[in-house]
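Below are the chains, spelled out letter by letter.
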Amino acid sequence: MSDAPNPIAHLPAERRPRHVGVIMDGNGRWAKERGLPRERGHEKGADAVREVVRAARRCGIEALTLFAFSSQNWDRPPEEVVHLMALLRRYLIEERAEILDNDIRLTTVGETERLPSLVRDPLSELMEVSKDNRGMVLCLALSYGGRETISGAARRLAQRVADGELRPEEIDVETFARSLPSSEMPPLDLLVRTSGEHRISNFFLWESAYAELHFSPVMWPEFGREAFIVALEDFASRERRFGLTPAQAETAPRVASGGD
Ligand code: IPE
Ligand code: IPE
Ligand code: MG
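Residues numbered from 1 in each chain as written. Chains lettered and ligands numbered in written order. Predicted model: local features only at pLDDT ≥ 70, side-chain atom pairs only at ≥ 80, totals over all residues. Heavy atoms only, no water.

1. Things to note about the site of ligand 2
Step number 1: For ligand 2, the full set of nearby residues is Ile-23, Met-24, Asp-25, Phe-67, Ala-68, Phe-69, Ser-70, Asn-73, Arg-76, Arg-193, Arg-199 and Ser-201.
Step number 2: Side-chain polar atom of Asp-25 to an oxygen atom of ligand 2: 3.2 Å apart, as the coordinates give it.
Step number 3: Between an oxygen atom of ligand 2 and a side-chain N or O atom of Arg-76, the distance comes to 3.3 Å.
Step number 4: Contact with the protein chains covers 77% of the free accessible surface of ligand 2, which is 390 Å².
Step number 5: A total of 4 residues in the shell around ligand 2 trace back to one element, the largest contributor, which is strand E2 (residues 63-70).
Step number 6: Of the residues contributing to the shell around ligand 2, the split by class is 5 nonpolar, 3 polar and 4 charged. (Near = heavy atom within 4 Å. Polar contact = N/O pair within 3.5 Å; in protein donor to acceptor, adjacent residues only side chain to side chain. Areas by Shrake-Rupley, 256 points an atom, 1.4 Å probe, with all protein chains shown as cover. Helix = DSSP H or I, 4+ residues; strand = E, 2+ residues; numbered from the N terminus. Nonpolar A, V, L, I, M, F, W, Y, C, P; charged D, E, K, R; others polar.)

2. Digging into the sheet that holds E2
Step number 1: If you walk across this open sheet you meet the 6 strands as E3-E4-E2-E1-E5-E6, and the pairing is parallel. Each edge of the open sheet carries a strand with a single partner, namely strand E3 (104-109) and strand E6 (212-215). Here the strands of the sheet are splayed against their neighbours by 20° on average, with no regard to which way each runs.
Step number 2: With 4 bridges joining them, strand E5 (residues 190-193) and E6 adopt parallel strand pairing. Its bridge partner being in E6, Leu-191 is matched across the sheet by Leu-213. (Pairing = 2+ DSSP bridges. Axes fitted to C-alpha atoms, helices over the stretch in contact; angles between N-to-C directions.)

3. Some thoughts on the pattern of salt bridges
Step number 1: For the structure shown, the criterion picks out 26 salt bridges.
Step number 2: Two residues, Arg-199 and Glu-197, come together in a salt bridge whose shortest N-O distance is 3.3 Å.
Step number 3: Among the salt bridges present, the one from Arg-238 reaches Asp-234, with a minimum N-O distance of 2.6 Å.
Step number 4: On the basis of relative accessibility, which here comes to 22%, the residue Asp-234 falls in the partly exposed class.
Step number 5: Several salt bridges converge on common partners, so that one network encompasses Asp-25, Arg-29, Arg-193, Glu-197 and Arg-199. (Salt bridge = Lys/Arg side-chain N within 4 Å of Asp/Glu carboxyl O. Buried < 20%, exposed > 50% of the residue type's maximum accessible area, 1.4 Å probe, protein only.)

4. Notes on helix H6 (residues 146-162)
Step number 1: With 17 residues, H6 should cover 24 Å at 1.5 Å per step; its first-to-last C-alpha distance of 24 Å lies within 8% of that length.
Step number 2: Every buried residue of H6 is accounted for by Gly-146, Thr-149, Gly-152, Ala-153 and Leu-157. In an axial view of H6, the angular spread of the buried residues amounts to 135°, which keeps them on one side of the axis. Those residues of H6 that are exposed and aimed more than 90 degrees away from the buried face are Arg-147, Arg-155 and Ala-162.
Step number 3: In this structure, the buried side of H6 is in contact with strand E4 (136-144) and helix H7 (173-178).
Step number 4: Just past H6, the residue Gly-164 takes up positive phi, approximately 80°. (Expected span 1.5 Å × (residues − 1). Arc of directions from axis to C-beta. Contact = heavy atoms within 4.5 Å.)

5. Some points on the nonpolar core
Step number 1: Ranked by internal contacts, the top residues of the largest apolar core, which has 45 residues, are Val-20, Val-53, Leu-64, Leu-66, Leu-138, Phe-228 and Leu-232.
Step number 2: Aside from chain neighbours lying at most four places away, what touches Leu-64 is His-19, Val-20, Val-22, Val-52, Val-53, Ala-56, Met-136, Val-137, Leu-138, Cys-139 and Phe-228.
Step number 3: The next biggest cluster of nonpolar side chains, apart from the first, holds 14 residues, and it includes Ile-23, Phe-67, Ala-141 and Leu-191. (Core = buried A, V, L, I, M, F, W, Y, C linked by side-chain atoms within 4.5 Å.)

6. Quick notes on the packing of helix H2 (residues 38-59) against helix H8 (residues 225-237)
Step number 1: The geometry of H2 relative to H8 is characterised by a closest axis approach of 9 Å and an angle of 45° between their N-to-C directions. As summarised for this structure, H2 and H8 are arranged oblique, according to the angle between their axes. You can see that H2 and H8 cross each other, and the crossing is right-handed. In this structure, H2 uses Glu-51, Val-52, Ala-55, Ala-56 and Cys-59 to contact H8, whose residues at the interface are Arg-225, Phe-228, Ile-229 and Leu-232.
Step number 2: Within the contact of H2 with H8, the residues separate by chemical class into 7 nonpolar, no polar and 2 charged. (Parallel < 35°, antiparallel > 145°, perpendicular 65-115°, else oblique. Left-handed = near helix turned anticlockwise from the far one by under 90°.)

7. Let's talk about the packing of H2 against helix H3 (residues 78-94)
Axes are the key here: two packed helices are described by the angle between their axes and the distance separating the axes.
Step number 1: Interhelical geometry of H2 versus H3 gives an angle of 30° and a closest axis separation of 10 Å. Relative to H3, H2 is oriented roughly parallel. Two packed elements cross with a definite hand, and for H2 against H3 that hand is right-handed. Facing H2, whose interface residues are Arg-38, Glu-39, His-42, Glu-43, Val-49, Arg-50 and Val-53, H3 presents Glu-79, Glu-80, His-83, Leu-84, Leu-87, Arg-90, Tyr-91 and Glu-94.
Step number 2: In terms of residue class, the contact of H2 with H3 is made up of 5 nonpolar, 2 polar and 8 charged.

8. Section: the site of ligand 1
Step number 1: Near ligand 1 you find Met-24, Asp-25, Gly-26, Asn-27, Gly-28, Arg-29, Arg-38, His-42, Ala-68, Asn-73, Arg-76 and Leu-84, and these make up its full shell.
Step number 2: One of the side-chain nitrogen or oxygen atoms of Asp-25 is found 2.8 Å away from an oxygen atom of ligand 1.
Step number 3: Interatomic distance of 2.7 Å between a backbone N/O atom of Arg-29 and an oxygen atom of ligand 1.
Step number 4: Alone, ligand 1 offers 380 Å² of accessible surface; in the complex the protein occludes 87% of this.
Step number 5: Of all the secondary-structure elements, those providing two or more residues to the shell around ligand 1 are helix H1 (27-33) and H2.
Step number 6: When residues of the shell around ligand 1 are assigned to their parent elements, the largest contribution, 3 residues, is made by H1.
Step number 7: Looking at the shell around ligand 1, its residues break down into 3 nonpolar, 5 polar and 4 charged.

Shown next as structure tokens:
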């Protein structure tokens, strides 16, 4: 891994994102276009996950968050949910060696306690054995919803106020950001959504405040290293201003600062 060339070596270091989030969408439509059941789309989607994780690691991305299953996806037909859970388990088992060999730390955001034990068990085991890895953070958003996460954080802060541990005036952007599970990772720089949809669908609502958005027409099962690099090149071409004037932004750092 370490001697493999970096596919984004041509992009200046300060124009590379530290944290990329991906809304992996279009599995069902990819399958439908081919007259296949939706399940086949999800299976092919798991191959795309493999390829994009590998590409991100090669590119030196510090954190990659993949939106794999939303809080709202529980309402899909039960057979589809069961199949997605089985695929998730298979992914965790099959990718274990690659994750460890590549110094990747696996983490999650979302209500993982809602997952069946057939997923929770390999998930917690892999999180535990990979916890000291430093090559890249791979964060799986599972049973994740941005609104659910924000309201959960608000609830925990309110409880701390009720318990006398925190004063209401101490709750500011920084305190709030620290109470979100994503605070363990660098600020989100780039948010990618595949399949030509232009919406956030309850993903990183807070974290996206100053993320650059890249919408790809490619269906997730077809999304691979090449499309990922296109997204990184698009990011590198953006002028990030964070509310400043263009002249100010030219001299300010390109990455989001505290509070994200
Ligand atoms: C993304 O693909 C996978 C999940 C949301 C679990 P979809 O299953 O949403 O595919 P489309 O959007 O129906 O094509
Ligand atoms: C978002 O995709 C969730 C994931 C990619 C896991 P959806 O397919 O569920 O979102 P909508 O329904 O198009 O908004
Ligand atoms: Mg979809």
